[in-house]
Every structure is written in structure tokens, then in C-alpha cells.
Amino acid sequence: MIKDSNGKEKDTLRAPLRANSISRRELLGKAAVAAGAFTIVPSYVLGANASGQKPPSEKLNIATIGIGGMGHSNTRKCADAGENIVALCDVDEKHAAKVFDEYPNAKKYSDFRKMLEEVRNIDAVIVATPDHTHAVAAMMAIKMGKHVYVQKPLTRTVYEARKLTEAARQYKVATQMGNQGHSGEGIRLMCEWIWDGAIGPIKEAHAWTNRPVWAQGIDRPKDTPPVPAGLDWDLWIGPAPMRPYNPVYHPFSWRAWVDFGCGALGDMACHILDPAFWALKLKYPISVEACMSTRMSGEGWGKVGVRETYPQASIVRYKFPARGKMPEVKVCWYDGGLMPARPDELEPGRMMGDEDGGVIFIGEKGKMMCGCYGSNPRLIPEKKMEAYKRPPKTLPRIKDGMDGHEKDWIAACKGGPAASSNFDYSGPFTETVVMGNLAMLNPNKMLEWDGENMKVTNDEAANEYVNPPYRASWTL
Amino acid sequence: MVDARITRRGFMTTAASGIAAFTIVPRDVLGGAGFKPASEKLNIAFVGIGGQGHANLKACTGENIVALCDVDWKYAEGVFKEFPDVKKYKDYRKMLDEAKDIDAVVIATPDHTHAVIAMAAIKMGKHVYVQKPLTWSVEEARKLTLAAREAKVATQMGNQGHSGEEIRVLCEMIWSGVIGNVREVHSWTDRPLWPQGIAKRPEDVQVPETLDWDNWVGPAPTRPYNPVYHPFKWRGWQDFGTGSLGDMGCHIIDHAYWALKLTAPVSVEAYSSLRSVKDWEREHNKETYPDASIVRYEFPERDGKPSVKLTWYDGGLKPARPEGLEKERNLGANGTIFIGDKGIIMDNRLVPESKMKDYKLPSKTIPRITTSHEQNWINACKGGEAACSNFEYSGPLTEAVLLGNIAIRTGKRIEWDGPNLKITNIPESNELLGRRYREGWTL
């Protein structure tokens, strides 16, 4: 955050992309000298139909990669907004059949690489594949100068989030992570009230989710059923280590598996911790520590699922350094049925958060609570809420709130202000969320974290998960 | 409903019209064993000898071992061989009927049969040593405590740490005020080390000939035999065991319970790892305890001391590191953190360790037990002082511990009226305080 001439904090994330005065030519020069492990060639050099920024009057040509789940609703919202859906890609023909049928004019692909190479008029790409293929798909699109909307968590690993954020910045493409709550009213109220000092300085926040709603804490299945017709398993695996197909991975429960997903934390913290990350102006934690449920094998006495899946339930404890006038803060995450202690201020019988989860902020002068996505923000008890004189709404609102998250990105693709959860925000946020998984994979000890350098400083082995190697033939 | 000062006549009336009908006949009425002089040897019988009972047995060999009982003669075979001349039984009821010379009984069966066996012994005026947790249910703990008081027998729960030096030093430290008033306690264990969070009962398996399965099931609802229950793994199954909390709470919460002089909690709530049924569907475990739980107790003010929030973690979960803990130190597999107004104690030491260096331990005002926990009870059986973890102490401790299991099983916050043995806010959960015994079994 920077301050404007009145000393008021200004949300730099809303600054228009165009404010950045680097020309595409200059950018190319910088990219060429950058010591990055990847080469950036702007789309116009490649001879693609360089997207640039279309004027609002023109339609975007959008392609979606991964259409069987969230990608379906993301695509529909873009279509409803009047944009062209020019290509759809999914590795599972059957699972995607209904969505393919909805867009008979869109070209159909199973390999996103082929799609991006063949369909030259794509301006923007939605990536809604399993977590482990977000980065490779989004990076290829960014390198071709295409705008990207990527489902949360932005990436599976800390390193991927960093690289994607850097690439998007260098390429000046419009970006958005699919944490739609970030476009909502609730998170803005949380920010405004906390910045107004409604509960004083905050040294502690507790967040939780009801996820996982799929099995975790399990071992790799031993059976190897045949790959269903229409599924390209090799492409589904993508950059992850190869393993035999099993329905426990696809279509739904890949989130549980360390090689593919990010567990309950990765699934929901990008929504639930979002108000904490924004309102408390967090970036990288200085330490993280996790403990988790262990499952004992019925046959032997060993523990089940260790490092294969995330646990059934976990507690992740982050510590963030002081930021400006804000003191050091501890943020504690609970999942799998676990919840923080019920605040004494909460009226008997009143639900903590909502069905999906929530956050409790503990300030020196009071407590605040919200549900998932920052929804229903309240000071507690309710009589404190009633007595609270709300500050003016200083943060810009997104048209249609959470429902306008895709449109917010579309506007950015057409030269509007950067989208609400563009990678300059959601990249570091994702790094912080998924680095919690480093702690879950190395539980019961405090890992000290050097965020800038993406490194656990007191436990070399824990760094294994910062950037695990890709399968041969896959690069970022 | 139940008052400690109640008269015997009044008590009988209350019991008959109230919770359940059970009859207590004090030992002196029966002309039972009484308190033998220290010079004489006790005649001790053991029920459940395959596990912890074996260790208890070895600690009692200075006395006469007069009878051994186990429902599984194969599992008990090794122990039987150690005592070839001692009479062997499969059914404790037969043992108590036949072996008239028994003065005292050590009970180390699975949790669900502690109460019926101990009660039978107490009613016959015999002293009892019962493994922890004292009972399977809250109601059983209350009844056993009252029965032992009525019968004036010597009692001990098998939480042997209660005889140790550590818990005494801890009490003396806290009572000295070194960390001020304590309002927050965190206790944890790495248990379960056996499977929990299992959805379904396994298929039937042929009962081994050496096992009396019907007696193993005892007062619990019957079900077909399977090795997932016996031996050892019964702890995870709600009908038989008491989970991680029951297994370890009586050791670990013992520290806070004594040092903070806790009484009945006023409320308990729990959150547990939920079992995945299928995608988007999860459930509270109904057959077994969950893999991991957090249980939050609130204890009321006592003697001018502030109310205490005690949080229990199991199954791999742990509390946050206490302020000031050296960053290279981690929390152990089991432990307790006391957070006082003026300081913190973890694992019986001030935190950080630098505070411990110059700290002079308070004088040892609590009498030390220089014998084994079992011998401490044997001395009580012979007319010595009450054993350190006699039921007047360990009964209420067990009640508090087991209330946590009701919170785990309901997934709800329960408000507790300790004196009246009643959950006040969720009437239907009172069913979990005890259970209807299988036909032919009574307390």
C-alpha cells in the first residue's frame, strides 16, 4: 500500500495497468536480460493475434482450460457478459461433454499446448484445471501475451506462484485469481472497519474451514483400474510424477493428494484467509508451524497417508512480522472439523462464521467475525456492532461484487483497472497459503520462513516442497 | 440428586428411586476382609491380566496372589505360566463366588467392564485397584465412587503418575504462586496409537476357542467377535473403550486437576476430525472415536481462584507453542502447558528454560510416596492412609475426563451440572452419561 497526498492509504492494486509506463518493447529488452529460467516472447513477436488490450467495445476471445468444474461457471459468466468463447480444453472428454455441447462454436481440445498454438485469436485464458497444472498452463498463456484468469489457489507451489506473478507483471497481461470473494462487499467492509480501528490493533486471528469434504489421510490405492475412455491420463498428470490412473484422483478428489492438490488449506484459505491477508496487510510469514491428525493403520501399527495426502484435520499457525503501525500477528488455521475456541463475546447459540468457515479477528479493543469470503462481517457481540459508527466506504467497489469477479477481469483485459485479485496481490497471497503445506508436510516444528527468498531457513529438508521437480518434458 | 453427605438410608432411597437401583452392603456387614494388619499378607485376585494387569501383578508379588481371571486364556497364557499354582478363571463372577479368601481385587480389563467388576468386588467388601480410566461412563464413575465410600474399602485408580515426584513438584510450584493465577491450560497426547475414525464394524470372525467372547463383551451391547476389538484395539471403539482422552486424560489432565484443585467442569465442547463418507459428505464417527480431537473444558472458580479454560488435544494435534519457548524446542508427544498471570510452566518447568536456572524449587510440603502406586494401595488395604488416587479423587477426575467424550460424540457444547450429574442444555445427551446394560448385567 502507498499513501496519497492526503496521507490516506491508497490501494495500489487498483491502479490501471496502463499507469505502468514501460512499453512492450522495453519490456522485451528487460525480459531478455532477466536471469529467469524461462524465456519470454511476447505474443506479437510470435505472430499470434496479439491481444494487447482490446477496447471495451470489442469482444474478447476467451479459451478455457479445465471445464468440468469451476471452469464451467467461469466460462458461462464470461459468455453471459457477451465475450466470445473460442476454444475449450479438457483432458476428460466425457466429464467435459456437457460443457463442450454448450459451446458448439468453440474449438475443442484435450491438450492446452496444442490449443494455444493452433487457435491464434485467443485474447484471454481461463485456467481451472487441478492445482498441479495451473502454473504450466497459465505460464504458457502469459508468455504468449494472453490475459489469464486462474482458479484458486493460483498454483500448487510457492515457486510457481512467484514465477507466475513475475511473468504476468513483465508481460503486462491482465490477471485474476478465482477467489471471487475478493470482489465482494464483505471483505471491503472488513478492511475499512479494521483500518478504522474498530477493534484496535490485531495480534491474533483464527480462521477455519469445514473442508476437506473428500477423503484425506489415506494411502495410495493399490488397484489400477483401466483409464476410462475419453480421459488422457498422461495429460491429466501433466508436470506431476506419473502414477497409474485411479478414480480417487479424478475427477474430484485430487485436492487430497500432495502431488496434485493443496488440501483443505489450498482449497479454502484463498477465500477464507483473504480478508485477513488484505485487512491486516499481510505478505510473507516469518514462521509457520503445523500439527495434524494422524491415522493409524488397521493392519499394522503404522501411520496412514503420510506425505501422500494431506491429513483429515490440521492446525497451521502462521506468524507475520509487524507491518507499519500494525503489530506482529499470529494467524491460526483449522480444518477438517476443527475450529478455534468460541469467543466469549459470541451470543449463546450463535453460529461461528458460516457453513464453509470463517475468521475471528482478536483486537485489543474487541473482536470481529466473518464467514467464508469475508461475508457477513460483524463486530461481536452484536450490540457492539449496533453501536459502531461505520466509517465511509473508501475502497472502490467492484460492480456486482462477488458475482462480478470474472467481469472485473474482463474489464482489466480491455484496459480497465487491474482486476481486484490480480497476481500482484494473489501471487504473494497464494505463496503464503501454500507454504502452510510445507509445515503440514514437516509437522510439529516451527519452520522459519524467508519469504523473499522462498526458503525455510532452519530446516533444509522442508524446502523440498518449495519447488519440486517437474516430470521430464514439462517446464514452467 | 446425589449428595456426598447423604445418609446411608437416604442414599439407598435416592438410588432406588433415581439413577438406577444398586445395592451396597458395606464390608463390615458382610464380615468381609477388613483391613489386614501390615504384618499380614493380602490375598489379591486379578481380573484382566494380558495387558497392564500384568505390570500391576508384578508389583504385587509381595502379597499372596490367590486368583487370576481372564476371558482370553491364550492372551493370558504367559502370565498364567508365571503363576502355575494360582487358581485360574474366565469369569470374574465365578471367581468372586468361589475364592472366598480374596481381600482385594486388581481390575485391568477393557474400560467397558471396569465398573461391573469393581462394583461386584466393592459390594463384597473387597478393596479395589482399577485401571484408568476408572470407568467407561460418567455415571459409572459416580456410582463406583459412592459405593466405595459407602463400603469403606481401599481404592486406587491406576494412574501411577499420581504417586510420582513430578506431579508433586508441579503442585508445589503452582501453589507457591510462581506463575500467578492460572486461567489457561493446554494438555495433549499423541494417542491414539491404535486405529480410530473407522466407519463400519468389520465382518464376523470365528471366535477363538480360548476366548470367552460373551464375557469379554460383558455389559456392552453384544456383537460378533473380530480381532479389531480384542486384544488392545478396543480403545478406539465407543462401545468398549474411551479413546485417546480416556486412555491418557487420566494421566495427563491429572496434573492440572490436582495442581489447580479442579472440580466438575461447567462446560465442555469438542471439535474432531470428521470422517469422509463420500465426496461432500462427512460425519461424526458413531462406531469409533475420531482420529483427532480438541476438547475445551471450562472449570469454575474455586476458593478464590479464577475459572480455568483447559484445552485437550489428541491424535497428533497440539497447542500453540507457549510464549518464550526457545525456538529450537518443540512440544513433546504428551504434555501440559500452564499459562499463569506471571509465567508459564511446560512439562513441569518454567518457560523459558533460563527462568528455571535461578529458580529454587519450593519446599516439599506434599508427602512423597516412596513405594510403587500398587504398594501405596496395598498399604491402604492394610489400614494405612487412603491411597493417593483413591476414588474420592480419581472418581471426579474420571467424570471430568469422560465428559469430554460426550462432547466428542455429540459434537456439541455441553453445560454440566456436576452435583446433579446432569447435562443441562441438551437433555437428550444425558443418555450418553451411562447406558442400558445388556440383559443379565447390572451395576
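Here the residue index of a chain counts from 1 through its sequence in written order. Starting at A for chains and at 1 for ligands, labels are handed out in the order in which the entities are written. Predicted model: local features are reported for residues with pLDDT of at least 70 only, side-chain atom pairs are reported and counted for 80 or more only, and whole-chain, interface and lining totals are derived from all residues. Each side-chain value is derived from all of the structure's non-hydrogen atoms; neither hydrogens nor water enter the calculation.

**Student:** Describe the nonpolar core, listing the residues and the values that go with them.
**Tutor:** Generally speaking, soluble globular proteins have nonpolar side chains that are buried together. Counting 112 residues, the largest nonpolar core has A:M115 and A:F361 as its most contacted members. Of the residues forming this core, the biggest block, ten residues, is contributed by helix α14 (residues 423–441) of chain A. Only buried Ala, Val, Leu, Ile, Met, Phe, Trp, Tyr and Cys residues count toward a nonpolar core, and they belong to the same one when joined by side-chain atoms within 4.5 Å. Between buried and exposed lies partly exposed: a residue is buried under 20% and exposed over 50% of the maximum accessible area for its type, with that area taken using a 1.4 Å probe on protein chains only. B:C69, B:I102, B:V185 and B:W416 belong to the second largest nonpolar core, which has 83 residues in total. Strands here are runs of E lasting at least two residues and helices are runs of H or I lasting at least four, both read from the DSSP assignment and numbered beginning at the N terminus.

**Student:** Break down the packing of helix α10 (residues 263–272) of chain A against α14(A) for me, with residues and values.
**Tutor:** Residues and elements named next belong to chain A. At a closest axis distance of 9 Å, the pairing of α10 and α14 adopts a crossing angle of 150°. Considering the angle they form, α10 stands roughly antiparallel to α14. α10 and α14 meet at a crossing whose hand is right-handed. Contacts from L265, G266, A269 and C270 of α10 reach α14 at F429, T430, V433, G436, N437 and M440. Residues are grouped as follows: Ala, Val, Leu, Ile, Met, Phe, Trp, Tyr, Cys and Pro are nonpolar; Asp, Glu, Lys and Arg are charged; all remaining types, including Gly, are polar. Residues belonging to the contact of α10 with α14 are distributed by class as follows: six nonpolar, four polar and no charged. Here, axes are lines fitted to C-alpha atoms. For helices the fit covers the stretch in contact, and angles between N-to-C directions go from 0 to 180 degrees. Any angle between 65 and 115 degrees counts as roughly perpendicular, while under 35 counts as roughly parallel, over 145 as roughly antiparallel, and the rest as oblique. Handedness of each helix crossing follows the sense of rotation of the near helix against the far helix: counterclockwise by less than a right angle gives left-handed, clockwise gives right-handed. Any two residues having at least one pair of non-hydrogen atoms within 4.5 Å are treated as being in contact.

**Student:** Please give an account of the sheet that holds strand β12 (residues 308–314) of chain B that cites residues and values.
**Tutor:** All names here are of chain B. The criterion for strand pairing is that DSSP finds at least two bridges linking the strands in question. Spatially, nine strands are ordered β15-β14-β13-β7-β12-β11-β8-β16-β17 in an open sheet, and the strand pairing comes out mixed. The outermost strands of the open sheet, each flanked by one partner alone, are β15 (349–351) and β17 (422–423). Looking at chain direction, strand β8 (residues 267–272) and strand β16 (residues 414–417) are connected through two bridges and run antiparallel. Paired with S267 across the two strands is E415, which belongs to β16. Of the strands in this sheet, β13 (335–340), β14 (344–346) and β15 touch helix α8 (residues 165–175), which is tilted by about 175° from β14.

**Student:** Any chance you could break down the side chain of A:D131 for me, citing the residues and the numbers?
**Tutor:** By the element assignment, A:D131 lies in helix α6 (residues 131–143). Polar contacts here mean pairs of N or O atoms no more than 3.5 Å apart (in protein, one a potential hydrogen donor and the other a potential acceptor; neighbouring residues in sequence count only if both atoms are side-chain atoms). One polar contact links the side chain of A:D131 to the main-chain amide nitrogen of A:C262, over a distance of 3.2 Å.

**Student:** Go over the interface of chain B and chain A, please, and point to the residues and values.
**Tutor:** Contacts between chain B and chain A engage 36 residues on the former and 37 residues on the latter. Buried area is understood as the total, over both parts, of accessible area removed when two parts are fitted together, assessed with a 1.4 Å probe. In total, about 2900 Å² of surface goes out of reach between chain B and chain A, with carbon and sulfur atoms giving 51% of it. The term salt bridge refers to a pairing of a side-chain nitrogen on Lys or Arg with a carboxyl oxygen on Asp or Glu at a separation within 4 Å. The interface formed by chain B and chain A includes five salt bridges. B:K309 serves as the salt-bridge partner of A:D344, at 2.9 Å between the closest nitrogen and oxygen.

**Student:** Mind laying out the environment of B:G384, listing which residues take part and the relevant values?
**Tutor:** Residues and elements named next belong to chain B. Along the chain, G384 falls in the loop between α12 (373–381) and α13 (391–410). The partly exposed category is assigned to G384, whose relative accessible area is 38%. Taking the C-alpha atoms as reference, G384 lies 9.2 Å from A154; in sequence the two are 230 residues apart.

**Student:** Could you give an account of α8(B), naming the residues involved and the relevant values?
**Tutor:** All names here are of chain B. With eight of eleven residues buried, α8 lies mostly within the body of the structure. Against α10 (243–259), β13, β14, β15 and α11 (353–357) lie the buried residues of α8. G177 sits one or two residues past α8 and shows a positive phi near 85°.

**Student:** Report on the pairing of strand β18 (residues 447–450) of chain A, specifying residues and quantitative values.
**Tutor:** All names here are of chain A. Residues L447 and W449 of β18 are buried on one face, while the alternating residues E448 and D450, pointing to the opposite face, are not. Strand direction decides the pairing type here: strand β10 (residues 287–292) and β18, joined by two bridges, are antiparallel. Looking at the pairing, V288 lines up with L447 of β18. Note: β18 against strand β19 (residues 455–456), two bridges, orientation antiparallel. By the bridge assignment, D450 is partnered in β19 with K455. Remark: four residues form the turn of the hairpin made by β18 and β19, two consecutive strands paired antiparallel; M454 in that turn has positive phi of roughly 55°.

**Student:** Hey, could you go over the pattern of salt bridges for me, with residue numbers and the actual values?
**Tutor:** Between side chains of opposite charge, a pair can form when the charged atoms approach closely. Under the definition given, this model contains 65 salt bridges over all chains. Between A:R211 and A:D267 there is a salt bridge, with its nearest N and O atoms 3.6 Å apart. Residue A:R211 is found in the loop between β9 (202–209) and α9 (233–237), and its partner A:D267 is found in helix α10; the two are separated by 56 residues along the sequence. Residue B:R149 pairs with B:E392 through a salt bridge whose shortest N-O separation is 2.7 Å. In this pair, B:R149 is assigned in helix α7 (residues 138–151) and B:E392 in helix α13, connecting sequence segments 243 residues apart. Judged by relative accessible area, B:R149 falls into the partly exposed class, the value being 30%. The class for B:E392 is partly exposed, based on a relative accessible area of 41%. Each of A:D131, A:K152, A:R211, A:R255, A:D267 and A:D356 takes part in salt bridges that share partners, so that together they form one network.

**Student:** Please give an account of the packing of aromatic side chains that cites residues and values.
**Tutor:** Aromatic pairing here means that ring centres of Phe, Tyr or Trp (its six-membered ring) are within 6.5 Å. Orientation follows from the plane angle: under 30 degrees is stacked, over 60 is edge-to-face, and everything else is tilted. Summed over the entire model, instances satisfying the criterion amount to 30 aromatic pairs over all chains. Ring plane angle 80° and centroid distance 5.8 Å describe the contact between A:F277 and A:Y425, whose orientation is recorded as edge-to-face. Placement of the pair is A:F277 in helix α11 (residues 274–279) and A:Y425 in helix α14, with a sequence separation of 148 residues. For A:Y425, a relative accessible area of 6% gives the class buried. Considering the side-chain rings of B:W216 and B:F240, the 4.8 Å spacing of their centres and the 70° angle between planes classify their relative orientation as edge-to-face. You can see B:W216 sitting in helix α9 (residues 213–217) and its partner B:F240 sitting in the loop between α9 and α10, a full 24 residues away along the chain. A relative accessible area of 3% places B:W216 in the buried class. Overall, the relative accessible area of 0% leaves B:F240 in the buried class.

**Student:** Talk me through the sheet that holds strand β16 (residues 367–371) of chain A; I want residue IDs and the actual numbers.
**Tutor:** Residues and elements named next belong to chain A. A sheet is described by the order of its strands in space; here nine strands give the open sequence β17-β16-β15-β9-β14-β13-β10-β18-β19, paired in mixed fashion. Single-partner strands in this sheet number two, and they are β17 (378–380) and β19. Of the pairings in the sheet, the one linking β16 to β17 comprises three bridges and is antiparallel in character. Within β17, the position partnered with K367 by the bridge is I380. Each of β10, β13 (314–320), β18 and β19 touches α14; the most contacted strand, β13, lies at about 120° to it.

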